[in-house]
Amino acid sequence: MPATRPSSPGEGTRLVAAHPALLRRADSIWARAERTRDELYDALLDACAAEGFDALVIKSPPYLQPTWVKFECWVPREDRLITERGAAVITIVPKEFHQFEFEYQLQLTDRGRPAKLYPPLRQFDATHATQLVRYMLRRAPMPSYESLELRRVPWQIWKPRNQVTALRTDWSEPIAMMTLVVGFSLILYRGFGFLLIAGGAIALVILRRRGVVVRSSGKPETEPRNLHRVDSWQTVISGLGDDSELLLVRLMEVLKHPPTAGFASRVERVWSFGLDGKIEREQIVITLGRGILFCQIQPYDKELYIGWDAHLNSGQWIEQTLQKGFDTQTERLTAVNTVVPGWQGLTPFDITDVSTLIEWTHAKLVQLVKRLMEERKIDQEVDFHILRGERQGLTKDEAPPDADAGGMRNIARTLGRKLQRTG
């Protein structure tokens, strides 16, 4: 008898979502980590202003995890050529389903001494940030964060342990294993020893056949970034510098009406190091699938820079099991999963997506630029040809250089780079 497809649900029936994909959530712990980063960033700036200093305060770029904030100052002494130098990096490490949802890692360099990495801290708020700034600016003694430290080794019983609170321990398998061990140790007592071994083995088989449900809090709305540059375009038009805001408004209005579902756009504020400090600017970010296009419209007096660069993102949220036990709410055997930044190989469909994103956005931008030039009666030859990048090899199934690096090792390496002198 030939197989038949299940009948379709009746009209008005809602299908239950059962795709093997994590639910995207705007209130994920990663989004909260970015908000916490922004609060610390503002607290450091406010503390500097309160002390009458203009120091360097920077924060991690959008969607880079784990997030961090850096403070660096060169405090002048006799004159500006004699300075006491110091820097601090606060890294916010999300800990889903734990008693403390964030662990704060503080690394300090102070007047040429070796960098000091504090034990993980359970809290670091605006008050602690102010204390740190006052010390770095030589306005207060060095603060002690010992009361905030989390337990690193079992014998530090006076410090809290950041443990998973969503589950209670499943002692069944450890007890069965202990029964086996005791049985083997009593093997000389024949009957009793063999009985324990048999009982422990049977119990293990039964226990390991139990069904397990998975509890997850989903994943952020946006993937972590591991970018591969594809194409770019840029030009400078004389006489349009005063119209940068007008061009930006018109482009944002066009982006409100994308050609197909999946297009998204937003404005991001980013920073970079200039010759004498931090430079902050805004850019438009347009996405389709795993394609990302960054568009910059920047005035230089009467000159207007317009450009974009497009990338493919191989960043991907990867599930990781934290612990297995009995859920404290449902009492079911549960595996608690979180997500960590990872990567996934690119496909030809991703190249098609980014090509569509590039061609549509560039065509709209060219129309807007030509229209504005006509309105301002600017006669200038502009090369609108896209600078094509290399697409060969983008779909090779190869991990990025640091894809296999452990989380703490990766964080330590990143901190080392962030604590390098920026002057």
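The sections below set out a description of the structure shown in this document. (Residues numbered from 1 in each chain as written. Predicted model: local features only at pLDDT ≥ 70, side-chain atom pairs only at ≥ 80, totals over all residues. Heavy atoms only, no water.)

**Quick notes on the overall build of the protein chain**
Put simply, the rule reads: Only DSSP runs of H or I reaching four residues or more are called helices, and only runs of E reaching two or more are called strands; each is numbered from the N terminus. Here the term buried applies to any residue with accessible area under 20% of the maximum for its type, exposed to any over 50%, and partly exposed to those in between, with areas from a 1.4 Å probe on protein chains only. In what follows, residue pairs with any heavy atoms lying within 4.5 Å of each other are defined as contacts. Using a 1.4 Å probe, accessible areas were evaluated by the Shrake-Rupley method; residue-level cover was limited to the displayed protein chains.
From N to C terminus, the protein chain includes seven helices and 14 strands. Counting only residues that meet the buried cut, the protein chain has 40% of its 423 residues in that class. Looking at the protein chain alone, contacts between residues at least 24 apart form 66% of all its contacts between residues at least 6 apart. When the accessible area of the protein chain is evaluated, it comes to approximately 24900 Å², of which 54% is carbon and sulfur surface.

**Notes on the layout of surface pockets**
Filter applied, for reference: Only protein atoms enter the 1 Å grid used here. Points where a 1.4 Å probe fits but cannot escape make up a cavity, open sets with protein on both sides within 12 Å along at least five of seven lines make up a pocket, and a residue lines them when an atom lies within 4 Å of a point. Grid points are joined across faces, edges and corners, and a volume is the space filled by probe spheres set on the points. Classes in brief: Ala, Val, Leu, Ile, Met, Phe, Trp, Tyr, Cys and Pro nonpolar; Asp, Glu, Lys and Arg charged; the others, Gly included, polar.
Estimated volume of the second largest pocket: approximately 630 Å³. If you trace the second largest pocket, you find 22 residues lining it, with Asp 54, Ala 55, Leu 56, Arg 80 and Asp 276 closest to the centre. Going through the elements one at a time, helix H1 (29-51), strand E1 (56-59), strand E2 (67-76), strand E9 (264-274) and strand E10 (277-288) are the ones with two or more residues in the lining of the second largest pocket. Sorting elements by how many residues they give to the lining of the second largest pocket places E2 first, with five residues. In terms of residue class, the lining of the second largest pocket is built from 13 nonpolar, four polar and five charged.

**Let's talk about the side chain of Lys 70**
Assignment of secondary structure puts Lys 70 in strand E2. Given the relative accessible area of 1%, Lys 70 is considered buried.

**Concerning the packing of aromatic side chains**
Spelled out, the test is: For this analysis, a ring pair means two rings from Phe, Tyr or Trp (six-membered ring only for Trp) whose centres lie within 6.5 Å, classed as stacked if their planes differ by under 30 degrees, edge-to-face if by over 60, and tilted for the remaining angles. Two limits define a charge over a ring: the Lys NZ or Arg CZ must be within 6 Å of the ring centre, and within 35 degrees of the ring normal.
Using the criterion set out here, one finds eight aromatic pairs in the structure. Centroid distance Tyr 118 to Tyr 145: 5.9 Å. Interplanar angle 70°. Geometry classified as edge-to-face. In this pair, Tyr 118 is assigned in the loop between strand E5 (116-117) and helix H2 (126-136) and Tyr 145 in the loop between H2 and strand E6 (167-168), connecting sequence segments 27 residues apart. The same class applies to Tyr 118 as to Tyr 145, namely buried. Three or more aromatic residues joined by ring pairs form one cluster here, namely Tyr 118, Phe 124 and Tyr 145. One cation-aromatic arrangement involves Arg 85 over Trp 74; the distance from NZ or CZ to the ring centre is 3.5 Å. The ring of Tyr 135 has Arg 138 sitting right over it, with the charged end atom 5.4 Å from the ring centre.

**Considering helix H5 (residues 244-255)**
Threshold: Helix span is expected to be 1.5 Å times the residue number reduced by one. This arc is built from the directions going out from the helix axis to the C-beta atoms.
For H5, with 12 residues, the first-to-last C-alpha span of 17 Å sits near the 16 Å given by 1.5 Å per residue. Three or more residues of H5 are buried, namely Ser 244, Leu 247, Arg 250, Leu 251 and Leu 255. Angular distribution of buried residues about the axis of H5 spans 140°; they occupy a single face of the element. Along H5, exposed side chains directed more than 90 degrees from the buried face belong to Glu 245 and Val 249.

**Digging into the sheet that holds strand E14 (residues 333-343)**
This is how the line gets drawn: Pairing between two strands requires that DSSP report at least two bridges joining them.
The sheet built from four strands is open, its strands ordered E6-E13-E14-E7 with mixed pairing. Each edge of the sheet is formed by a strand with only one pairing partner; in this case those strands are E6 and strand E7 (213-216). Here 11 bridges tie strand E13 (residues 315-327) to E14, and the two strands are oriented antiparallel to one another. Within the sheet, the bridge partner assigned to Lys 324 lies in E14 and is Ala 335.

**Quick look at the packing of H5 against helix H6 (residues 348-375)**
Definition in use: Note on geometry: axes are C-alpha line fits, over the in-contact stretch for helices, and angles between N-to-C directions span 0 to 180 degrees. Reported orientations rely on four angle classes, namely roughly parallel under 35 degrees, roughly antiparallel over 145, roughly perpendicular from 65 to 115, and oblique for the rest. Handedness of a crossing is defined here by the sense of rotation of the near helix relative to the far one, left-handed for an anticlockwise turn of less than a right angle and right-handed for a clockwise turn.
Packing of H5 against H6 brings their axes to within 11 Å, and their N-to-C directions diverge by 140°. With respect to H6, the axis of H5 lies oblique. Seen along the crossing, H5 lies across H6 with a hand that is right-handed. Judged by residue contacts, Leu 246, Leu 247, Arg 250, Leu 251, Val 254 and Leu 255 of H5 engage Trp 360, Lys 364, Leu 365, Leu 368, Val 369, Arg 371, Leu 372 and Glu 375 from H6. Partitioned by chemical class, the residues of the contact of H5 with H6 number 10 nonpolar, no polar and four charged.

**Observations concerning the nonpolar core**
For clarity, the cut-off: The criterion is simple. A nonpolar core is a set of buried Ala, Val, Leu, Ile, Met, Phe, Trp, Tyr and Cys residues joined through side-chain atoms within 4.5 Å.
Counting 36 residues, the largest nonpolar core has Ile 306 and Trp 308 as the members making the most contacts within it. When residues of this core are traced back to their parent elements, those giving at least two are strand E8 (227-238), H5, E10, strand E11 (291-300), strand E12 (303-313) and H6. Ranked by residue count, the leading element in this core is H6, at 11 residues. Ignoring anything within four residues of it in the chain, the contact list for Ile 306 reads Trp 233, Gln 234, Thr 235, Ile 237, Leu 247, Gln 296, Ile 297, Leu 365 and Val 369. In this structure, Trp 30, Leu 44, Leu 106 and Leu 108 belong to the second largest nonpolar core, which totals 35 residues.

**Overview of the pattern of salt bridges**
Heads up, the condition is: Only one rule defines a salt bridge in this text: a Lys or Arg side-chain nitrogen within 4 Å of an Asp or Glu carboxyl oxygen.
Tallied over the full model, the rule gives 30 salt bridges. A salt bridge links Asp 38 to Arg 37, with the shortest nitrogen-to-oxygen separation between them at 3.0 Å. Relative accessible area serves as the criterion here: at 25%, Asp 38 is assigned to the partly exposed category. Ionic pairing is found between Arg 225 and Glu 268, a salt bridge with its closest N-O pair at 2.7 Å. Of the two residues, Arg 225 sits in the loop between E7 and E8 while Glu 268 sits in strand E9, which places them 43 residues apart along the sequence. Among the residues examined, Arg 225 registers a relative accessible area of 21% and is labelled partly exposed. Several salt bridges converge on common partners, so that one network encompasses Arg 77, Glu 84, Asp 110, Arg 111, Arg 113 and Arg 138.

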